[in-house]
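What follows is each chain in one-letter form.
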Amino acid sequence: MITVEAHPFAFAFDPASVALIVIDMQRDFIEPGGFGETLGNDVSHLQRVIQPTADLLALFRREGWPVIHTREDHLPDLSDCPPAKRERGSPSLRIGDPGPMGRILVRGEPGADIVPACAPVDGEIVIDKPGKGAFHATDLGGVLAKLGVRSLVFAGVTTEVCVQTTMREANDRGFECLLIEEATESYFPEFKAATLEMIRAQGAIVGWTAPLAALERAVEREQVNG
Ligand code: TIU
């Protein structure tokens, strides 16, 4: 077992049954002109998450542990986009409308791509999802069962929307979930802070959080001690 100094207490995982899930590190959320900005958000907040997420990816790749990426996007005919999602509020562009990075939140368009620094490499799994949670209307549950995964390390954007929703789905399915604090970000810093607190409150009611350095230290310790 590898034991990470985490909040609210130590997070222990078996390296034979861990996977990393990187949520929606897409240009549509992180770069100007995409879905996030059309909703009225300042996307510059999300850019600080790119390097820590790349470092976390490097750690999993070095260890040979499974990596799963998700993308929130829709089929070109929008048949998987509930009208309630497309029609909600008054965004400057709606899902499916043409924007500077192609059609907003549509699979295969430049905006739906994962940012280059966090792009999947050969052998990594990519799950396209129409909802905020990555288990809804996808085969993520089947993929994790096939891999024999029990513990999930989380990164990605945004903390209180797709990351938290997916962690809650995973927690309800019996997975032990650890969120890496610098590898997740919100358009609203106060929402990120509140989400980290609510995840680990009540004795890790949803899961654990830890800085990246704590995970790196734990992996190094395991290598020294065997
Ligand atoms: N709007 C917002 O904060 N997030 C999303 O719509 N999707 C994800 O979090 N990926």
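The structure this text deals with has already been given above.
The sections below set out a description of the structure shown in this document. (Residues numbered from 1 in each chain as written. Predicted model: local features only at pLDDT ≥ 70, side-chain atom pairs only at ≥ 80, totals over all residues. Heavy atoms only, no water.)

Re the nonpolar core
Logical step 1: One finds M25, L56, F60, V153 and L215 to be the most contacted residues of the largest nonpolar core, which totals 45 residues.
Logical step 2: Broken down by element, this core gets its largest block of residues, 5 residues, from helix α8 (residues 212-225).
Logical step 3: By size, the runner-up hydrophobic cluster in this structure holds 23 residues, among which are F135, V149, V163 and C177. (Core = buried A, V, L, I, M, F, W, Y, C linked by side-chain atoms within 4.5 Å. Buried < 20%, exposed > 50% of the residue type's maximum accessible area, 1.4 Å probe, protein only. Helix = DSSP H or I, 4+ residues; strand = E, 2+ residues; numbered from the N terminus.)

Description of the site of the ligand
Logical step 1: In the vicinity of the ligand, the contacting residues are D24, F29, F35, L39, E72, K132, V157, T158, V161, C162 and Y187.
Logical step 2: Between D24 and the ligand, the recorded distance is 2.7 Å, taken from a side-chain N or O atom to a nitrogen atom.
Logical step 3: Here V157 contributes a backbone N or O atom positioned 3.2 Å from a nitrogen atom of the ligand.
Logical step 4: When isolated, the ligand has an accessible area of 280 Å², and the protein chains bury 93% of it.
Logical step 5: Tallied by class, the residues present in the shell around the ligand amount to 7 nonpolar, 1 polar and 3 charged. (Near = heavy atom within 4 Å. Polar contact = N/O pair within 3.5 Å; in protein donor to acceptor, adjacent residues only side chain to side chain. Areas by Shrake-Rupley, 256 points an atom, 1.4 Å probe, with all protein chains shown as cover. Nonpolar A, V, L, I, M, F, W, Y, C, P; charged D, E, K, R; others polar.)

A few points about the sheet that holds strand β7 (residues 125-129)
Two modes of strand pairing occur in sheets, parallel and antiparallel, and in both the strands are linked by backbone hydrogen bonds.
Logical step 1: An order of β7-β4-β3-β8-β9-β10 is seen for the 6 strands of this open sheet, with the pairing classed as parallel. Single-partner strands in this sheet number two, and they are β7 and β10 (208-210). Each adjacent strand pair in this sheet contributes to an overall mean axis angle of 25°, direction not counted.
Logical step 2: Pairing of strand β8 (residues 151-157) with strand β9 (residues 176-185), which is carried by 6 bridges, proceeds in the parallel orientation. Within the sheet, the bridge partner assigned to V153 lies in β9 and is L178.
Logical step 3: Strands β9 and β10 of the sheet are contacted by helix α7 (residues 189-204), whose axis makes an angle of about 160° with β9.
Logical step 4: Against the sheet, α8 contacts β8, β9 and β10, and its axis sits at roughly 125° relative to β9. (Pairing = 2+ DSSP bridges. Axes fitted to C-alpha atoms, helices over the stretch in contact; angles between N-to-C directions. Contact = heavy atoms within 4.5 Å.)

Remember that the coordinates give geometry; whether it matters functionally is a separate question.
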